[in-house]
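# Close look at the chain arrangement
If you want the building blocks of each chain, they are given just below.
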Amino acid sequence: MKEEIWTILYHKCSTNANPQYQNCPAGEASWCKWRKAEARGELTNFHHDKPPLTAQVQEVIKPVYEDLSRDELLARCLKAHTQNNNEPLNSLIWSFALKNLHSGTRIVDIVTFLAVIIFNEGFNGILKVLNALHCIVYFNRIYSHSVYLLFKEKRAKERQFHPPSNAKQALQLDVQKQEAQLNDIMKVDMIQDKNREEIIEIWQEYHKKKDCISGTMTAEQFDKMFTRGKKYSTFLLPLPRANGYEFIMSQFCGTEVHMTPLLWYQVHKENAPECLTMIHFTELKDSKNIVLVRGEFDANSLNVQEAQCLANELQLYYSMDDHQRLQLLQTFSERPDEFKHMDLIAQLETISLNMSKTSNVNARDAF
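Cut-offs used in this document
Residues numbered from 1 in each chain as written. Predicted model: local features only at pLDDT ≥ 70, side-chain atom pairs only at ≥ 80, totals over all residues. Heavy atoms only, no water. pLDDT = per-residue confidence, 0-100. Contact = heavy atoms within 4.5 Å. Core = buried A, V, L, I, M, F, W, Y, C linked by side-chain atoms within 4.5 Å. Buried < 20%, exposed > 50% of the residue type's maximum accessible area, 1.4 Å probe, protein only. Helix = DSSP H or I, 4+ residues; strand = E, 2+ residues; numbered from the N terminus. Expected span 1.5 Å × (residues − 1). Polar contact = N/O pair within 3.5 Å; in protein donor to acceptor, adjacent residues only side chain to side chain. Pairing = 2+ DSSP bridges. Axes fitted to C-alpha atoms, helices over the stretch in contact; angles between N-to-C directions. Arc of directions from axis to C-beta. Phe/Tyr/Trp six-rings, centres within 6.5 Å; stacked < 30°, edge-to-face > 60°.

### Details of the confidence of the model for the protein
- Put simply, the protein has an average pLDDT of 79, and 80% of its residues get 70 or more.
- Low confidence marks residues 136-159, where pLDDT is under 50. Its contacts with residues over four positions away, or in another chain, come to 67 contacts.

So this is what it looks like as C-alpha cells:
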C-alpha cells in the first residue's frame, strides 16, 4: 500500500530522461502508458505528452505523501477504519432525506435503516423488509413508489400513515350484497313533489350533523362516471399525508365506489376493509335529474377533509373530460408497466379540489 501511494507521485514526476515507473503495474493492460509501451517494445518511440510536476511543486506536496504513507496511519486501514465507506452510506441516506428539505427524527431513522440495508445487502434486503410487512411483490411497482414518497417530508397537518387494519369478514359465496336504497335514509314519497333545488337543500341539511360526507350529481355526471367506471373499474388515488402521499385503491361495484389503502389491500386482499364508500342513490335520477351521493368513511383512518379530497379526485378522473387524467386511467388499466405514479402526484398538486362550480355542496359535501 505504501508503494502504491508513492507510485502516483513518481508517475507524475517522470520525464523522458528520468522515467520513474518502477511501481506502476506492468503489462499491456496497465493504466500506465509507459508500462504499456514497455510491454509492446515501443519505448524507443515513447514520448511524454504532458509536462511533469515542477521541482517546486514536488517539494511542496512530498510531505503530504510522507504523511499518507506513515505506518501508524496505514495500520488503521487494516480493518477498514476509514471514511471511504462512510461517505457512500451518507450519500445514500441524503438521497432519501434531501438536505434542502427538513426531515424529522422519525424520517431520518427510517431512511438510515433502509440505507444500511441497501449498503450491506443491496435491494434484496428491501425485498426482505417488504416480505416482513406482508407486501406482495406483484405490487412492488406501486408500493416502491409509496416507500419513496414516505421520505419526502411535507409541511402538512394531515394525519400520519395508518398501519394495516383488521380484515373484514369474508362474504359467503351464496350471499349477494344488496345495494343501498334511498328509502333507508329518507322517505322518497315525501320528496317526490319537491323540485330539484329543494331536494338538494333537504339532502344537505340532513347530512350537516352526520358522520359522513354528502353531495349531488346530475344524471349526465353519474352516467359518465359509471360508464367510465365499468371500463376502468380500479384505480389509485393519492391522498396527502403528513410525510408524503398514501395511495388509496378505488373500485367500482354497482352504484358504489369502495376505497381502501393500498397497504391494507396488499395485506388482506379482497377482505381489506374500506376507508371510504361512496354510495350513489339513483331513485330521482330520471324524474329530477339528480343523483344523491353519500360517503361513509372510517373515522379512524380518514377525517372529513381527507374523505372530501378522495371524493373530489374520483369525480375529477371519472366525471370530467381531461385528456391527461383520462390517459392516466387508460395507462393504469391497459399498460400498467408504463404507469408512473409521480403523474398522479403532479395532477393532485396542480389542480384545485374546489368543485363548487360543477356541483352543489355544503360544508361537509364531497364535491
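Once you've had a look at it, read on.
### Side note on the nonpolar core
- If you look at the biggest cluster of nonpolar residues, it comprises 42 residues, and the most contacted ones within it are Phe235, Met259, Leu276, Met278, Leu314 and Tyr318.
- In terms of residue count, the dominant contributor to this core is helix α13 (residues 304-318) (8 residues).
- Setting aside anything within four residues of it in sequence, one finds Phe235 in contact with Ile248, Met249, Ser250, Tyr317, Tyr318, Leu328, Leu329, Phe332, Phe339 and Leu344.

### Focus on helix α14 (residues 323-334)
- In this model α14 runs 16 Å from its N-terminal to its C-terminal C-alpha over 12 residues, within 8% of the 16 Å that 1.5 Å per residue would give.
- Burial in α14 covers these residues: Arg325, Leu328, Leu329, Thr331 and Phe332.
- Measuring from the backbone nitrogen of Gln324 back to the side-chain oxygen at the start of α14 gives 3.2 Å, which picks out Asp322 as the cap.

### What about the side chain of Gln20?
- Relative to the assigned elements, Gln20 resides in the loop between α1 (2-13) and α2 (33-40).
- Residue classification places Gln20 among the buried residues on the basis of a relative accessible area of 19%.
- Leave out the neighbours within four places in its chain, and Gln20 touches Tyr10, His11, Cys13 and Ser14.

### Things to note about the sheet that holds strand β4 (residues 256-261)
- Pairing in this open sheet of 6 strands is antiparallel, and the strands run β1-β6-β5-β4-β3-β2 from one edge to the other. Strands with a single pairing partner mark the edges of an open sheet, and in this sheet they are β1 (213-217) and β2 (234-241). The mean inter-strand angle of the sheet, taken between neighbouring strand axes irrespective of direction, is 20°.
- Alignment of β4 against strand β5 (residues 276-281), held across 4 bridges, turns out to be antiparallel. What sits directly across from Glu256, in β5, is Ile279.
- Along the sheet, α13 contacts β1, β2, β3 (244-253), β4, β5 and β6 (291-297); its crossing angle with β2, the most-contacted strand, is approximately 140°.

### Considering unusual backbone geometry
- You will see that Asn289, though not glycine, has its phi angle at about 55°, which is positive.
- Topologically, Asn289 is positioned in the loop between α12 (285-288) and β6.
- Among the residues examined, Asn289 registers a relative accessible area of 35% and is labelled partly exposed.

### Observations regarding helix α6 (residues 105-121)
- If you check α6, its first and last C-alpha atoms are 24 Å apart, about what 17 residues at 1.5 Å a residue would give, namely 24 Å.
- Residues of α6 that are buried: Ile107, Val111, Leu114, Ala115 and Ile118. Along α6, the residues classed as buried sweep out an arc of 105° about the axis, all on the same side. The outward face of α6, more than 90 degrees from its buried face, is lined by the exposed residues Thr105, Arg106, Phe113 and Asn120.
- One or two steps after α6, the chain reaches Gly122, where phi turns positive at roughly 75°.

### Topic: the packing of aromatic side chains
- Counted under the stated rule, the structure contains 11 aromatic pairs.
- Residues Phe222 and Phe226 carry aromatic rings whose centres are separated by 4.5 Å and whose planes lie at 35° to one another, so their mutual orientation is tilted. With a gap of 4 residues between them, Phe222 and Phe226 both fall in helix α10 (residues 219-231), about one helical turn apart.
- For Phe222, a relative accessible area of 8% gives the class buried.
- With a centroid separation of 5.4 Å and 85° between ring planes, the pair formed by Phe235 and Phe332 is classed as edge-to-face. Of this pair, Phe235 sits in strand β2 while Phe332 sits in helix α14, placing them 97 residues apart in sequence. Comparing Phe235 with Phe332 shows no difference in burial state: the two are buried.
- Through pairs of rings, three or more aromatic residues link up here, namely Phe222, Phe226, Phe252 and Tyr318.

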